[in-house]
Amino acid sequence: MTETTAATDGTRTTTPGTEVVTRFAPSPTGFLHIGGARTALFNWLYARHHGGRFLLRIEDTDRARSTQPAIDAILTSLRWLGLDWDGDEVYQSARADRHAEVAHRMVEHGHAYRCYLTTEELAAMRAEAEAAKKPLRVRSPWRDKAAEADDSRPFVVRLKAPTDGAVTIEDRVQGSVTVQNAELDDLVLLRSDGTPTYMLAVVVDDHDMGVTHVIRGDDHLNNAFRQLPIIRAMDAIEGGWPDPVYAHIPLIHGSDGAKLSKRHGAVGVEYYRDELGMLPEALDNYLLRLGWGHGDDEIISRTQAVEWFDLAGVGKSPSRFDFKKLENLNGQYIRVADDERLATLVADRLDFVPTDEQRELLGRSMASLKPRAADLLDLANGAAFLFRKRPLEMDRDATALVSGEAPKLLARLHAALDALESWDTESLETAVRQVADDAGVKLGQVAQPLRAALTGRKTSPGIFDVLELLGREESLGRIADQMIV
Ligand code: GLU
């Protein structure tokens, strides 16, 4: 449970009790992008670090803009990133009655009121504010006329916001931030059709879900000052509505310092998985380091992250998204990833369904492909030679490599390799070196045409690995296709 004490200056300190409850509350109007994924990760880590719970709430109150594909993409992406949530996800739209109930309770207790201002009256107030070059802060004339409830006219329910004093938030990331109440307005809680606004819904849901820590993008800091008066009003009415601990994390910027846009990589997490061939642990590690640090540690395992994560380590300034760093980190994770797992991921990317034999070959090839791969695309491209059909189609570089003297060298190689008793990398290397020596050329002059003949390309894993992976029959066949005896 959480203990809250009200200080005389209106600020409160919330002492988290035994259980920490965090939540991720995406609006499913688009896919889960990089910034959202990081917010989810920080919430997940904070909860796991404290042995608490991490909840998921889909904020789908904007029915026109929320879509099922977006919800699916969010759930799939979170699962892919390994950010499992406790219990079932909560759908905000299903809770509209509860939100309205809270608003009505606030009206009953004088913390909110029915406002009958017409559209024209509001437009006039807006015009007046504009003329005075002031932002529109609604203090409706209905604020103090609560007794005159009239069901025959449309009304909205507005918060009777405090007009003097100030609210201070001790934000765990932003520090102490104060806003004068005079700067806030009587925000709408229920629209004239009785539907709740976002401000009300967030507060009610966080309370009902027992959320103790609100960790979210700092674009929501202003909202916190609008949400707190609702929380405090409800606490005054029924108690048990403590202020949550707030942590507003700086947004992610592009590498050029501008707000992150599509151009910078602000695409859905699925894009990183499908189009860029990233591993989830690499993306998690990258996102963790984006705005949070533990000394100079670059590679941080899940276990270490859970052990080390805290809000004190979150920086105050926006971090820059650096795609090169992410790519590099992904390469490092590829190198330590399990071969069988990688082979399965690569198999999914082939444009055919591999036979059992091909699948097994793929598994064996990972060890030699991994060192050069930055992502799964590289692995899949690198493995492609294994499955090409004879005679191989040579690309331009490879064609050049198998011309001139090369076909004759290839014939010598063919003879030497054909004579081998054992087809292992050691015997293969000895034989190839011998051919180079006998021909009086450098190893590279033999290895390059050999590589081209075996793969149809100029680059490949180590040539002896290639020979071993392809096996005797296929290797000799491919060499024969390019040689002149
Ligand atoms: N639904 C909001 C968003 O996607 C987040 C609300 C919150 O975290 O309080 O930006």
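Residues numbered from 1 in each chain as written. Predicted model: local features only at pLDDT ≥ 70, side-chain atom pairs only at ≥ 80, totals over all residues. Heavy atoms only, no water.

Student: Is there a simple way to explain the overall build of the protein chain in this structure?
Tutor: Per the secondary structure count, the protein chain includes 18 helices and 14 strands. Since a compact globule built from 485 residues should have a radius of gyration of about 23 Å, the 32 Å found for the protein chain marks it as more spread out than a globular shape. Expressed along its principal axes, the backbone C-alpha trace of the protein chain runs to roughly 105 × 45 × 40 Å. Per-residue burial for the protein chain yields a buried fraction of 48% across its 485 residues. Long-range pairs, those at least 24 residues apart, make up 75% of the contacts in the protein chain with a sequence separation of at least 6. Here the protein chain displays about 23,200 Å² of accessible surface, and carbon together with sulfur accounts for 49% of that area. Across the protein chain, the mean location of the 58 positive side-chain charges is 5 Å away from that of the 76 negative side-chain charges. (Helix = DSSP H or I, 4+ residues; strand = E, 2+ residues; numbered from the N terminus. Rg over C-alpha atoms; globule rule 2.2 N^0.38 Å. Buried < 20%, exposed > 50% of the residue type's maximum accessible area, 1.4 Å probe, protein only. Contact = heavy atoms within 4.5 Å. Areas by Shrake-Rupley, 256 points an atom, 1.4 Å probe, with all protein chains shown as cover. Lys, Arg positive; Asp, Glu negative; His and termini not counted. Charge placed at Lys NZ, Arg CZ, Asp CG, Glu CD.)

Student: When you look at the site of the ligand in this model, what are you seeing that I'm missing?
Tutor: The environment of the ligand is made up of Arg23, Ala25, Pro26, Ser27, Glu59, Tyr198, Val202, Arg216 and His220. A distance of 2.9 Å is found between an oxygen atom of the ligand and a side-chain nitrogen or oxygen belonging to His220. Protein burial of the ligand: of its 300 Å² of free accessible surface, 80% is covered by the chains. Of the residues contributing to the shell around the ligand, the split by class is four nonpolar, two polar and three charged. (Near = heavy atom within 4 Å. Polar contact = N/O pair within 3.5 Å; in protein donor to acceptor, adjacent residues only side chain to side chain. Nonpolar A, V, L, I, M, F, W, Y, C, P; charged D, E, K, R; others polar.)

Student: I keep staring at helix H15 (residues 406–418) and nothing clicks. Help me out?
Tutor: Given 3.6 residues per helical turn, the α-helix brings residues three or four places apart onto the same face. The terminal C-alpha atoms of H15 lie 18 Å apart, and with 13 residues this matches the ideal 18 Å at 1.5 Å per residue to within 8%. Here H15 has its buried residues at Ala406, Pro407, Leu409, Leu410, Ala411, Leu413, His414 and Leu417. In this structure, the buried residues of H15 make contact with helix H14 (396–401), helix H16 (425–439), helix H17 (443–455) and helix H18 (463–482). (Expected span 1.5 Å × (residues − 1).)

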